[in-house]
Amino acid sequence: MENSIRSLREEIAAFRIGTADELEAFRLRFTVRKGLIAGLFAQLKSVDPARRPEIGGQLNQLKAEAESKIEEASQALVSETKTAGPAIDLSLPGRRHFTGSEHPVQKVLGEMKQIFSDMGFTIATGPELELGSYNFDMLNFPPDHPARDMQDTFFVRHEEGEDDVLLRTHTSPVQVRVMLDRKPPIRVICPGKVYRNEAISARSYCVFHQLEGLYIDKGVTFADLKATIYSFARQMFGQDVKLRFRPSFFPFTEPSAEVDVTCYLCGGKGCRVCKKSGWLEIMGCGMVHPNVMRSAGIDPEEWSGYAFGMGVDRTVLLKYKIDDIRLLFENDVRMLRQFPA
Ligand code: PHE
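Residues numbered from 1 in each chain as written. Predicted model: local features only at pLDDT ≥ 70, side-chain atom pairs only at ≥ 80, totals over all residues. Heavy atoms only, no water.

## Examining the packing of aromatic side chains
- For the structure on display, the rule yields 16 aromatic pairs.
- Ring geometry for Phe 116 against Phe 308: centres 5.1 Å apart, planes inclined by 25°, an arrangement best described as stacked. Highlighted residues: Phe 116 in helix H5 (residues 104-118) and Phe 308 in strand S10 (residues 304-311), separated in sequence by 192 residues. Here Phe 116 and Phe 308 have matching classes, each one buried.
- Consider the rings of Tyr 215 and Tyr 306, whose centres lie 5.5 Å apart with planes at 65°: the pair is edge-to-face. Taken together, the positions of Tyr 215 in strand S6 (residues 207-217) and Tyr 306 in strand S10 put the pair 91 residues apart, joining distant regions of the chain. The exposure classification of Tyr 215 matches that of Tyr 306, with both residues buried.
- Members of the aromatic cluster, connected to one another through ring pairs, are Phe 116, Phe 121, Tyr 215, Phe 232, Phe 237, Tyr 306 and Phe 308.
- Positioned above the aromatic ring of Phe 121, the side-chain terminus of Arg 187 is 5.8 Å from the ring centre.
- Cation over ring: Lys 218 sits above Trp 303, and NZ or CZ is 4.7 Å from the ring centre. (Phe/Tyr/Trp six-rings, centres within 6.5 Å; stacked < 30°, edge-to-face > 60°. Helix = DSSP H or I, 4+ residues; strand = E, 2+ residues; numbered from the N terminus. Buried < 20%, exposed > 50% of the residue type's maximum accessible area, 1.4 Å probe, protein only. Lys NZ or Arg CZ within 6 Å of the ring centre and 35° of its normal.)

So, in structure tokens, the structure goes:
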């Protein structure tokens, strides 16, 4: 019996506990209810009664040693996991952070907004999902105007006796909202997305950006409009740029004009982009129609104003030499990465 105790003590002393699995193996071998130490306690009955207290003492001692070894080992394991924390692999490559940058359309829009805000225009925005009355009726479009056609306009609701709900086809309805909302003098620009149901190609897309302007005050004339457009064009396209105003028609302005700038790619000599004409069309404009003022509650006898509207995307394409308008909307990262911050 004493030999068995001695050899078990040696085995316990030599048992190395380095992991949780080894700790469990130690416990199962020595200290559980059916373990080796309990086995020796069971043999105590057969020991000479005179020696039983001594042998029992040795067994108790052995049991205490085994238990304190478990205690020590489990504490060591706990403090090890605490100081080590989660496993860190120092050889892993670092995480890459991609820096976002401004979309080319926003860059150009930002330049345009800056030029007009330097001239005292504030920015007004409105919903892209618009009422037919704001997009057409209050802008003096007659009921049978072709722009109201399904082929040009994306209708969301089109029912007899109800106001149409549609994707705005221009940003002019924002001007209607501003006129209904505020009293003159008014001096705003309205940048934003507009939608038209057009055949999609490299040159036209079903959504694009416009920037419109509206100025209403006492005694505003076409000369003010021209001066403003000139100032804008020089800052946007260069000091040497020339302008050409061609008579045109819009339901919401009278008189109306379309504005061309000398092609800023060839300087007016004629190239592929300006189709050899030397001119690029940049906007429509005119004096706000009295009917439009009246429908927004502004007296056209007292006030007058001008409005203009230009497409943004074509300028973006020319400026960055992008040959397909669809690239501006697909947001392919291979394209966007070419415009770092
Ligand atoms: N809203 C017109 C368009 O989309 C542009 C425009 C605005 C023309 C203001 C004249 C005055 O074509």
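## Remarks on the environment of Pro 173
- Tracing the sequence through the fold places Pro 173 in helix H7 (residues 172-181).
- For the pair Pro 173 and Gly 192, spaced 19 residues apart in sequence, the C-alpha to C-alpha distance is 11 Å.
- Once residues within four sequence positions are removed from consideration, Pro 173 is found in contact with Glu 130, Tyr 134, Asn 135, Leu 139 and Arg 168. (Contact = heavy atoms within 4.5 Å.)

## Focus: the sheet that holds strand S5 (residues 186-195)
- Spatially, the seven strands line up as an open sheet ordered S1-S5-S6-S10-S9-S8-S7, and their pairing is mixed. Both edges of this open sheet fall to strand S1 (122-123) and strand S7 (243-250), since each of them pairs with a single strand only.
- Pairing of strand S9 (residues 279-288) with S10, which is carried by five bridges, proceeds in the antiparallel orientation. Within S10, the position partnered with Gly 286 by the bridge is Ala 307.
- Against the sheet, H7 contacts S5, S6 and S10, and its axis sits at roughly 35° relative to S6. (Pairing = 2+ DSSP bridges. Axes fitted to C-alpha atoms, helices over the stretch in contact; angles between N-to-C directions.)

## Focus: the side chain of Ser 172
- Following the sequence through the fold, Ser 172 ends up in helix H7.
- Among the polar contacts listed, one links the side chain of Ser 172 to the side chain of His 170, at a separation of 3.4 Å.
- Excluding residues that lie within four positions of it along the chain, Ser 172 makes contacts with Leu 139, Glu 212 and Phe 252. (Polar contact = N/O pair within 3.5 Å; in protein donor to acceptor, adjacent residues only side chain to side chain.)

## As for the site of the ligand
- Surrounding the ligand, one finds 13 residues, the nearest of these being His 170, Ser 172, Arg 196, Gln 210 and Glu 212.
- In the model, a nitrogen atom of the ligand is placed 3.0 Å from a nitrogen or oxygen of the His 170 side chain.
- Contact between the ligand and Arg 196: an oxygen atom at 3.0 Å from a side-chain N or O atom of the residue.
- Protein chains bury 89% of the 330 Å² of accessible surface belonging to the ligand in isolation.
- With three residues, S10 is the single largest residue contributor to the shell around the ligand.
- Looking at the shell around the ligand, its residues break down into five nonpolar, six polar and two charged. (Near = heavy atom within 4 Å. Areas by Shrake-Rupley, 256 points an atom, 1.4 Å probe, with all protein chains shown as cover. Nonpolar A, V, L, I, M, F, W, Y, C, P; charged D, E, K, R; others polar.)

## Observations regarding the sheet that holds strand S3 (residues 155-157)
- Strands sit in the order S2-S4-S3 across an open sheet of three strands; the sheet is antiparallel. Each of the sheet's edge strands pairs with one partner strand only, and the pair in question is strand S2 (129-131) and S3. Ignoring strand direction, the axes of neighbouring strands in this sheet form an average angle of 35°.
- Summarising the sheet, S2 and strand S4 (residues 165-167) pair through three bridges and their orientation is antiparallel. Residue pairing for S4: Glu 130 is matched across the bridge by Leu 166.

These values are about where atoms sit, not about what they do.
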